[in-house]
Amino acid sequence: MMPSGKPTDQMNRRGLLLSVAASGLVAACGGGGGGSSGGGGGGSSSSSSSSSSSASSSSSSSSSSLPDPATAPSLKTQFASHFKIGFAVDPWLTSQSPTHDLLLKHASTITAESVMKANPIGVSAGVYDFTQADALIAFAQANGINVRGHALVWHQTSPSWFFDGDRSDMTAYKALVRSRLETYVTDVVTHFKGKVYCWDVVNEVTSDDASATYRNSDWYQIFGSDFIDYAFRAARAADPSVKLFINEYSTEDAAKRGRLMTIVQGMLDRGVPVDGVGHQMHINTGYPSAAQVEAALSDVEAKGLINHVTEMDVSIYNDSGSCYSGTGCLPALTPGTAAFNTAMTTQAQKYRELFNVFTAHTSVQAVTMWGVADNHTWLDNYPVARKNYPLLFDAAGGPKAAFWAIVDPGFTP
Ligand code: XIL
């Protein structure tokens, strides 16, 4: 998440807080290479709006002025000529309301919010627990939904057993940890071969500040950047057809993206098999602008790579950087209030302008929301505990102004 203000600070704090959280990712991947069909999208929207909105009501964000929910088109049909579209979800949510029906109607791709990360899959060296991940795959296959693999290597969900060992002999230690990494990647990619169309092979490996290119993770401290090459090469060897992604947040920030592009170019120069870049897109109603996202997609296309939007949500809180260290977070908004209604309006405008950018780029082959409906979002607990409403559907599953804004150009949020 990267509100306006001081990106570097905010990104640092986000990383800091996320490192306390712990979890993992799964990503999906698309077909061929990049290429843009041109621009799209307007400029940045402001954090407030003069547009009127009657959005309100008890279920959190529905509005009496919104179109009849029964007329809502299927997102997967609506965007079929552009990209796969879908949501992050975990298996226990797939049978619940409103998630179940929304997935069946709208999703052509899903990502495991948690269950395909190395924690929980990697129990110990060579021992795996695929129970929950396989349940999600079974749900997807039963309903004709594609699955993104997320994520093989992420500093927040790398179990400590990867790093066990005697470091007095670093040559032997590095060989041991490298072997564990390559075995894990090989076994997991092999397990899901033919069941996921892409993998986020590494997640969040870019430094948040200008003093370094790479995140100073446990992996980096042991191997420098070599662990990235090991992971991608092992993944490619295990499944020659699955698309391989490097996934990152704040790619819309030019400075951070510059570091990411340095990493990607290095991989290409070394012949490391990377197919695409995942843009997490944890944003808010005031940031980033369409132009910033446009630049992010274009930079990836210039390398001949695929773009995926992997974890999109639009927070209604445009917090300053201090919130990411736990102070100065904006107060919770209450559904039905004028401020809440304004947030729903600006959120819809942000979704619209960014989807206009996505659809203008043929390199964008999948767009995934980080959650299905506002009843379940990680932003209720990040960066602080506070109810958020960042998704396209309200807590009861009703299409919000944001939904109508992306499917109906004639709709006024
Ligand atoms: C988050 C999940 O949504 C949370 O439930 C979990 O506690 C922590 O991880 N970037 C990522 C995702 O790549 O895997 C994270 O998912 C959100 C940030």
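Residues numbered from 1 in each chain as written. Predicted model: local features only at pLDDT ≥ 70, side-chain atom pairs only at ≥ 80, totals over all residues. Heavy atoms only, no water.

(A) Main features of the overall build of the chain. Per the secondary structure count, the chain includes 12 helices and 11 strands. Within the span of the chain, comprising 413 residues, buried residues form 57% of the whole. Summed over all atoms, the accessible surface of the chain reaches about 14,100 Å², with 51% contributed by carbon and sulfur. (Helix = DSSP H or I, 4+ residues; strand = E, 2+ residues; numbered from the N terminus. Buried < 20%, exposed > 50% of the residue type's maximum accessible area, 1.4 Å probe, protein only. Areas by Shrake-Rupley, 256 points an atom, 1.4 Å probe, with all protein chains shown as cover.)

(B) Molecular detail of the packing of aromatic side chains. Tallied over the full model, the rule gives 23 aromatic pairs. Among the aromatic side chains, those forming a connected cluster through ring pairs are Y128, F130, W161, F162, F163, Y184, F192, W199, W219 and F227. The cationic tip of K387 hangs over the ring face of Y389; the distance from NZ or CZ to the ring centre is 5.4 Å. (Phe/Tyr/Trp six-rings, centres within 6.5 Å; stacked < 30°, edge-to-face > 60°. Lys NZ or Arg CZ within 6 Å of the ring centre and 35° of its normal.)

(C) Layout of the state of the cysteines. A full pass over the atoms with the stated rule returns one disulfide. What pairs with C323 in a disulfide is C329, and their sulfur atoms sit 2.0 Å apart. Every disulfide takes its handedness from the sign of the S-S torsion; for C323 and C329 that torsion is 95°, giving right-handed. Residue C329 is classed as partly exposed on the basis of its relative accessible area, which comes to 21%. (Disulfide = S-S within 2.5 Å.)

(D) Structural context of helix 5 (residues 131-142). Between its terminal C-alpha atoms helix 5 stretches 16 Å, which fits the 16 Å expected from 12 residues at 1.5 Å a residue. Among all positions of helix 5, only A133, L136, I137, F139 and A140 are buried. Along the long axis of helix 5, the arc covered by the buried residues comes to 160°, so they all point the same way. Those residues of helix 5 that are exposed and aimed more than 90 degrees away from the buried face are T131, Q141 and A142. Where helix 5 is buried, its residues meet strand 1 (84-89), helix 3 (99-106), strand 2 (109-112), helix 4 (118-121) and strand 5 (146-154). (Expected span 1.5 Å × (residues − 1). Arc of directions from axis to C-beta. Contact = heavy atoms within 4.5 Å.)

(E) Representation of the confidence of the model for the chain within the structure. Counting all residues, the mean pLDDT for the chain is 88, and 85% of those residues have values of 70 or more. Predicted confidence for residues 1-62 stays below pLDDT 50, and this span has 233 contacts to residues more than four positions away or in other chains. (pLDDT = per-residue confidence, 0-100.)

(F) The arrangement of the nonpolar core in detail. Among the nonpolar cores identified, the biggest contains 99 residues, and W199, I246, M312, F355 and F358 are the most heavily contacted of them. The element best represented in this core is helix 8 (residues 226-238), accounting for eight residues. Non-local contacts of M312, meaning those with residues more than four positions away in its chain, are made with Q280, M281, I283, Y351, L354, F355, F358, T368, M369, W370 and L391. (Core = buried A, V, L, I, M, F, W, Y, C linked by side-chain atoms within 4.5 Å.)

(G) Spatial organisation of unusual backbone geometry. A cis amide bond links H150 to the next residue, A151, at an omega of -10°. Mapped onto the elements of the fold, A151 is located in strand 5. Omega for the bond connecting Y382 with P383 falls within 30 degrees of zero, at 0°, which places this linkage in the cis form. One can find P383 in the loop between strand 11 (364-369) and helix 12 (401-407). Despite not being glycine, E204 has its phi angle at roughly 60°, a positive value.

(H) Seen up close, the pattern of salt bridges. Under the definition given, this model contains 12 salt bridges. The partner of K350 in a salt bridge is E353, with the nearest N and O atoms 2.5 Å apart. With K350 and E353 both in helix 11 (residues 338-359), this residue pair falls three residues apart, about one helical turn. Taking the relative accessible area as the measure of exposure, K350 reaches 0% and is therefore buried. Here the residues in one salt-bridge network are D208, R215, E248 and K256, joined through shared partners. (Salt bridge = Lys/Arg side-chain N within 4 Å of Asp/Glu carboxyl O.)

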